[in-house]
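# Understanding the architecture of this molecule
Each chain is listed here by its residues.
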Amino acid sequence: MRHILVVDDEKEIGDLIAIYLQNDGLDIFRAYNGQEALEVFEREQIDLMVLDIMMPGIDGIEVCKKIREKHNIPILMLSAKAEDMDKIIGLMTGADDYMIKPFNPLELLARVKSLIRRSFHYSAEPAKAQSQQEETIKINSLEINKTYHTVHHNGHEIPLTSKEFDILFLLVNNRGRVFSAEEIFELVWKESYLASNNTVMVHISNLRDKLEKELGYKLIKTIWGVGYKIEV
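Attention in this report is confined to the structure presented alongside it.

Parameters at a glance
Residues numbered from 1 in each chain as written. Predicted model: local features only at pLDDT ≥ 70, side-chain atom pairs only at ≥ 80, totals over all residues. Heavy atoms only, no water. Helix = DSSP H or I, 4+ residues; strand = E, 2+ residues; numbered from the N terminus. Buried < 20%, exposed > 50% of the residue type's maximum accessible area, 1.4 Å probe, protein only. Contact = heavy atoms within 4.5 Å. Areas by Shrake-Rupley, 256 points an atom, 1.4 Å probe, with all protein chains shown as cover. Arc of directions from axis to C-beta. Pairing = 2+ DSSP bridges. Axes fitted to C-alpha atoms, helices over the stretch in contact; angles between N-to-C directions.

## A closer look at the overall build of the chain
Counting its secondary structure elements, the chain contains nine helices and 11 strands. Here the chain holds 232 residues, and 47% of them are scored as buried. Sequence-distant contacts, at least 24 apart, represent 58% of the contacts inside the chain between residues at least 6 apart. Taken as a whole, the chain presents about 11900 Å² of accessible surface, with 50% of it coming from carbon and sulfur.

Right, here's the structure in full:
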């Protein structure tokens, strides 16, 4: 059973989220502010967090930043604000997905289940050694394992969010091909792309920073006016 931490200072909203997730067989923990969220996270084994941005004291952005310092669990952020900048800031802190209030609880449940599938699909049963090898792509000293959703460089793991991993695997698995932001969004997020959507740009930027810090060079190339590719 997956353990979900629901963080929202509005009790009614948190209760609604909890009911829908519990009805789907998920185990729910609750927190009503940022400090409490961090305490619960350190105390319990949390697999995914539904995190409101606007909270008194430590807000959701700061909570997300602190979690990302050491952990890589999926984070779905909630906000009452629909401005693009709020979304960009949320994603830049390491969130995997983002929803605007008011939201359809069934859509939230679907997104939570999607994040769980992408992040933990390998845990249903141990993969065989041969399967593991087949699911690993190597680029020089970089190893990308699809089965375990992990990226290693010289034995050191590079922590990526589930969306960052999906983007990297897409580009690595199609080396030399240029993908537009629209193609990446629709293939990774499996939703229709909007012209004003900066989500891919933000995730590419975060992914590049993590890879370049570890590798010492730029792996993902920008083809101006076209899109992104990896060519090694």
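On we go.
## Remarks on helix α8 (residues 181–188)
Inspection of α8 places I184, F185 and V188 among the buried residues, and these make up the whole buried set. Within α8, the buried residues cover an arc of 95° as seen down the axis, which keeps them to one side. Backbone geometry just after α8 places K190 at a positive phi near 55°.

## Section: the sheet that holds strand β7 (residues 142–145)
Read across the sheet, four strands follow the order β6-β7-β8-β9 without closing on themselves; strand pairing throughout is antiparallel. Each edge of the sheet is formed by a strand with only one pairing partner; in this case those strands are β6 (136–139) and β9 (156–157). Sheet topology note: the β6/β7 ladder contains four bridges and is antiparallel. Within β7, the residue paired with I139 across the bridge is L142. The sheet contacts of helix α7 (residues 162–173) involve β6, β7 and β8 (150–153), and relative to β7 the element is tilted by about 110°.

## A closer look at unusual backbone geometry
The step from K101 to P102 runs through a cis peptide bond, and the omega angle for that step is -5°. The phi dihedral of N140 falls on the positive side, at around 55°, and the residue is not glycine. Within the fold, N140 resides in the loop between β6 and β7. The phi dihedral of H149 falls on the positive side, at around 55°, and the residue is not glycine. As for its placement among the helices and strands, H149 is situated in the loop between β7 and β8.

## Considering the sheet that holds strand β4 (residues 75–79)
One open sheet holds the five strands; their spatial order is β2-β1-β3-β4-β5, and the pairing between them is parallel. In this open sheet, the two strands that pair with only one neighbour each are β2 (27–31) and β5 (97–100). Neighbour-to-neighbour, the strand axes of this sheet turn through a mean angle of 20°, independent of strand direction. Those strands touched by helix α1 (residues 11–23) are β1 (3–7), β2, β3 (48–52) and β4, and its axis lies near 170° from that of β2.

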